[in-house]
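Given next are the chains, with one letter for each unit.
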Amino acid sequence: MLRYILKRLLIMVITLWIIITLTFILMVSIPGSPFNSERSSNETIQANLESHYNLDEPYHIQYLLYLKSIVTFDFGPSIKKPDQSVNELLGRGFPISFELGIVTIIVAVISGIILGIIAALRHNGFIDYMAMGIAVLGISIPNFILATLLIQQLAVNFDIFPVATWKSPAHMVLPTLALATGPMAIIARLTRSTMLEVLTQDYIKMARAKGLSPWKIIIKHALRNALMPVVTIMGTLLAGILTGTFVIEQIFAIPGMGKYFVESINQRDYPVIMGTTVFYSAFLIIMLFLVDIAYGILDPRIKVNKQGGE
Amino acid sequence: MEKILEVNNLHVTFTTYGGTVKAVRGVDFHLNKGETLAIVGESGCGKSVTSNAIMRLIPDPPGKISAGTIKFKGSDLTKASEKRMRSIRGVDISMIFQDPMTALNPTLTIGTQLMEGLRQHHKVTGEAARKKALEMMDLVGIPNPKERMKQYPHQFSGGMRQRIVIAIALICEPELLIADEPTTALDVTIQAQILELFERIQRATGVSIILITHDLGVVAKIADRIAVMYAGKIIETGTKRDIFYNPEHPYTQGLLKSVPRLDLQGEKLTPIDGTPPDLFSPPKGCPFTARCPFAMEVCDKVYPANSILSESHKVNCWLQDSRAKKLLAETAGSKA
Ligand SMILES: Nc1ncnc2c1ncn2[C@@H]1O[C@H](COP(=O)(O)OP(=O)(O)OP(=O)(O)O)[C@@H](O)[C@H]1O
Ligand code: SF4
Ligand SMILES: [Mg+2]
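Residues numbered from 1 in each chain as written. Chains lettered and ligands numbered in written order. Predicted model: local features only at pLDDT ≥ 70, side-chain atom pairs only at ≥ 80, totals over all residues. Heavy atoms only, no water.

## Brief notes about the site of ligand 1
All names here are of chain B.
- As a matter of local geometry, ligand 1 sits amid 13 residues, with Ser 43, Gly 44, Lys 47, Ser 48 and Val 49 nearest to it.
- Between ligand 1 and the protein, one listed contact pairs an oxygen atom with a backbone N or O atom of Gly 46 at 3.0 Å.
- In the complex, the protein chains occlude 68% of the 630 Å² of accessible area that ligand 1 would expose alone.
- Mapped by element, the contributors of at least two residues to the shell around ligand 1 are strand 1 (3–16) and helix 1 (47–54).
- Top contributing element to the shell around ligand 1 by residue count: helix 1, with 3 residues.
- Partitioned by chemical class, the residues of the shell around ligand 1 number 5 nonpolar, 6 polar and 2 charged. (Near = heavy atom within 4 Å. Polar contact = N/O pair within 3.5 Å; in protein donor to acceptor, adjacent residues only side chain to side chain. Areas by Shrake-Rupley, 256 points an atom, 1.4 Å probe, with all protein chains shown as cover. Helix = DSSP H or I, 4+ residues; strand = E, 2+ residues; numbered from the N terminus. Nonpolar A, V, L, I, M, F, W, Y, C, P; charged D, E, K, R; others polar.)

Here you go:
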């Protein structure tokens with residue numbers, strides 16, 4: 001087990017390094033610099049500013065400086081908001097984005113699984129068709145369109161929920177709904193189809209032959225097996241929700257990390273781009289690792305390095 | 001002898017998009033206490049459907065027991081409530097499935113799956129359940145039961161898994177055990193071991209067994225009586241001796257000729273030509289007509305009645321009907 005974790009950690013570090021390097025290459029290859037847009041700046045001021053932020057150094061030196069800032073986890077101040085360090089921005093934005101992400105995942109997973117189970121148990125019945133109809137809509141409508149629709153209907157037309165920002169639980173409803181519907185629909189469909197398959201398995205028939213009650217069979221024998229594919233796609237869903245937060249935070253004016261990330265790219269605010277990218281990547285990589293561990297716990301067949309066999 | 005199970009005129013149908021499959025079409029048989037009845041017949045003849053019907057495990061929809069009675073110790077299971085059936089399944093009647101590789105839940109330990117039925121039905125303490133489970137693992141011949149209880153199915157070989165499945169089926173001490181092709185998925189040496197295990201368990205517990213198989217070798221080894229099934233009907237029943245030495249139905253004769261036998265070395269194996277009839281619209285008469293070398297005009301039109309050859313031996317074939325016999329004798333006489 002320890003060897004497996006160490007190996008995984010090494011792979012995670014390498015992945016992160018590749019992402020950092022790619023980000024750096026992309027960053028220096030997009031045209032423009034943080035100071036181009038400032039009309040007043042003359043060439044000397046611009047040169048001074050660039051040298052202040054080491055932007056006049058050759059690329060490999062800049063690259064090494066970036067690596068250093070990442071290893072020490074000190075990205076320095078934002079170029080655009082010099083009175084704030086990147087770490088401060090992250091510290092302020094992350095808890096909000098995290099809250100949005102976590103609430104979304106919880107809503108998506110719980111409602112997706114319940115919907116999937118009900119659909120499977122009422123296989124080919126009215127509820128099944130309803131649930132799967134909703135699921136298809138949920139998958140095919142992009143979250144930014146859903147967000148706009150929700151705002152228009154539930155905030156503007158009916159004034160049930162606030163339009164934007166992130167202040168109270170009521171503020172959380174619309175962004176969460178917009179972000180959770182897609183993943184929920186995917187989970188519901190997957191749960192339904194695996195549940196249907198699991199219910200035809202011999203061990204379910206065997207459980208019935210033991211005289212167990214239907215609920216016991218579903219909870220104890222079917223659900224766990226049906227959830228395994230759901231756990232495998234959790235990684236992809238997490239990545240989707242994470243990128244979804246960029247869009248949703250913009251639409252609902254939520255002061256999370258995604259907002260800073262998008263702004264920083266538009267403004268070529270290099271330290272902020274680097275800081276948010278590293279942070280997002282590290283976060284996602286760690287989550288994927290946890291998903292794998294969870295899969296190992298759910299399925300005894302892939303317990304790592306535990307002796308078994310005859 | 002006391003009859004533990006009596007099946008009369010059992011009909012099972014499945015409603016599908018293509019029409020109604022008449023999978024079981026009037027099956028009669030009985031099982032005496034402590035004996036082993038083998039149900040044999042080729043694939044698709046309705047053996048599994050019959051055994052699932054006894055457990056009331058036919059998926060409904062699409063399946064349905066459309067007629068008949070299944071009397072277990074005098075009470076008709078076709079009329080029992082689902083709740084009553086749950087208290088019978090695993091306690092009075094247990095079932096073993098064909099493929100031990102898929103019959104166990106891959107995510108639960110062997111111990112959990114063993115004790116589950118016991119805890120459900122007998123409300124015993126965890127300690128008592130563990131003790132009984134260890135006893136059962138010992139009975140079915142699994143070494144190191146204590147450690148093995150904590151392991152998962154994938155850590156066992158096929159033969160070991162089938163032993164565990166048998167232990168699960170027997171843990172509540174049922175009076176009737178239905179084994180649906182329990183050895184088909186296993187290799188030959190393991191098959192023999194499992195059959196011996198059945199015999200040993202039957203001697204130890206007196207359990208009555210219905211053994212479903214298409215392997216006549218298995219039948220020869222452990223059955224007391226045999227029921228031969230064809231296209232949803234039982235066409236011949238008798239003791240092992242009746243069926244192996246005096247098979248009267250042409251289908252039974254064909255079955256016996258199509259298996260290799262040591263005592264008949266040198267004789268050619270002859271498979272039965274043709275295929276069983278379509279169960280969407282089974283023929284009115286004898287379903288074997290199309291493949292039967294002795295088929296007569298009447299066979300196709302009217303289903304042959306049950307001819308009682310001896311107290312144990314019964315067959316449904318026009319050749320055994322007294323009227324046909326007379327006719328045959330006459331034609332034979334006129335030719336001579
Ligand atoms: N769920 C179902 N839906 C429709 N038809 C079914 C269903 N289950 C069984 N049947 C039909 O019932 C008939 C008998 O099937 P059964 O499983 O009892 O055969 P069997 O004698 O056990 O064969 P095998 O030796 O292959 O196990 C088959 O023709 C099959 O097509
Ligand atoms: S009834 Fe006729 S067709 Fe059927 S087995 Fe007997 S002789 Fe053959
Ligand atoms: Mg079968």
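Here the narrative resumes.
## Let's talk about the environment of Gly93(A)
Residue and element names in this part refer to chain A.
- When you line up the elements, Gly 93 lands in helix 4 (residues 86–121).
- A residue is classified by how much of its surface remains accessible, and Gly 93, at 0% relative accessible area, is buried.
- Separated by 167 residues in sequence, Gly 93 and Tyr 260 place their C-alpha atoms 7.8 Å apart. (Buried < 20%, exposed > 50% of the residue type's maximum accessible area, 1.4 Å probe, protein only.)

## Some remarks on the confidence of the model for chain B
- With 96% of its residues at a pLDDT of at least 70, chain B reaches an overall mean of 88.
- What the predictor reports for the complex is a pTM of 0.78 with an ipTM of 0.85. (pLDDT = per-residue confidence, 0-100.)

## As for the pattern of salt bridges
- Using the criterion set out here, one finds 15 salt bridges over all chains in the structure.
- Between Glu82(B) and Arg89(B) there is a salt bridge, and its shortest N-O distance comes to 3.0 Å.
- Taking relative accessible area as the criterion, Glu82(B) reaches 34% and is therefore assigned partly exposed.
- Under the relative-accessibility criterion, Arg89(B) is labelled buried at 1%.
- Glu135(B) serves as the salt-bridge partner of Lys132(B), at 3.9 Å between the closest nitrogen and oxygen. Of this pair, Lys132(B) and Glu135(B) both sit in helix 5 (residues 126–139), 3 residues apart, which is roughly one turn of that helix.
- Exposure remark for Glu135(B): the relative accessible area of 46% places this residue in the partly exposed category.
- What you see here is one network of salt bridges that share partners, running through Lys210(A), Lys220(A) and Glu116(B). (Salt bridge = Lys/Arg side-chain N within 4 Å of Asp/Glu carboxyl O.)

## Notes on the site of ligand 2
- Residues in contact with ligand 2, as listed here, are His249(B), Pro250(B), Cys286(B), Phe288(B), Thr289(B), Cys292(B), Phe294(B), Cys299(B), Pro304(B), Cys317(B), Trp318(B) and Leu319(B).
- Grouping the constituent residues of the shell around ligand 2 by class yields 10 nonpolar, 2 polar and no charged.

## Observations concerning the packing of aromatic side chains
- The final tally for this structure, using the stated rule, is 12 aromatic pairs over all chains.
- Through a chain of ring-to-ring contacts, three or more aromatic side chains come together here, namely Phe94(A), Phe98(A), Phe279(A) and Phe283(A).
- Cation over ring: Arg148(B) sits above Phe156(B), and NZ or CZ is 4.2 Å from the ring centre.
- When the ring centre of Tyr303(B) is taken as origin, the NZ or CZ atom of Lys233(B), which lies over that ring, is 4.1 Å away. (Phe/Tyr/Trp six-rings, centres within 6.5 Å; stacked < 30°, edge-to-face > 60°. Lys NZ or Arg CZ within 6 Å of the ring centre and 35° of its normal.)

## Here's the deal with the sheet that holds strand 5 (residues 75–76) of chain B
Residues and elements named next belong to chain B.
- On the basis of which strands lie adjacent, the open sheet formed by 4 strands has the order 2-1-4-5 and antiparallel pairing. The outermost strands of the open sheet, each flanked by one partner alone, are strand 2 (19–32) and strand 5.
- By the bridge criterion, 11 bridges tie strand 1 to strand 2 in an arrangement that is antiparallel. When the bridges of strand 2 are listed, Thr 15 appears paired with Thr 20. (Pairing = 2+ DSSP bridges.)

## With respect to the UniProt feature "domain: ABC transporter" (unreviewed entry) in chain B
- The positions UniProt marks with the feature "domain: ABC transporter" (unreviewed entry) are residues 5–256 of chain B.
- The span residues 5–256 of chain B carries 40% helix and 28% strand; its end-to-end C-alpha distance comes to 27 Å. (UniProt positions renumbered as here; feature names shortened; annotations may be inferred.)

## Re the UniProt feature "transmembrane region" (unreviewed entry) in chain A
All names here are of chain A.
- Within the UniProt annotation, "transmembrane region" (unreviewed entry) is assigned to residues 9–30, 100–121, 133–152, 172–191, 226–252 and 272–298.
- Span residues 133–152 is 90% helix and 0% strand, its end C-alpha atoms 23 Å apart.
- Overall, residues 272–298 shows 100% helix and 0% strand. The separation of its end C-alpha atoms is 39 Å.

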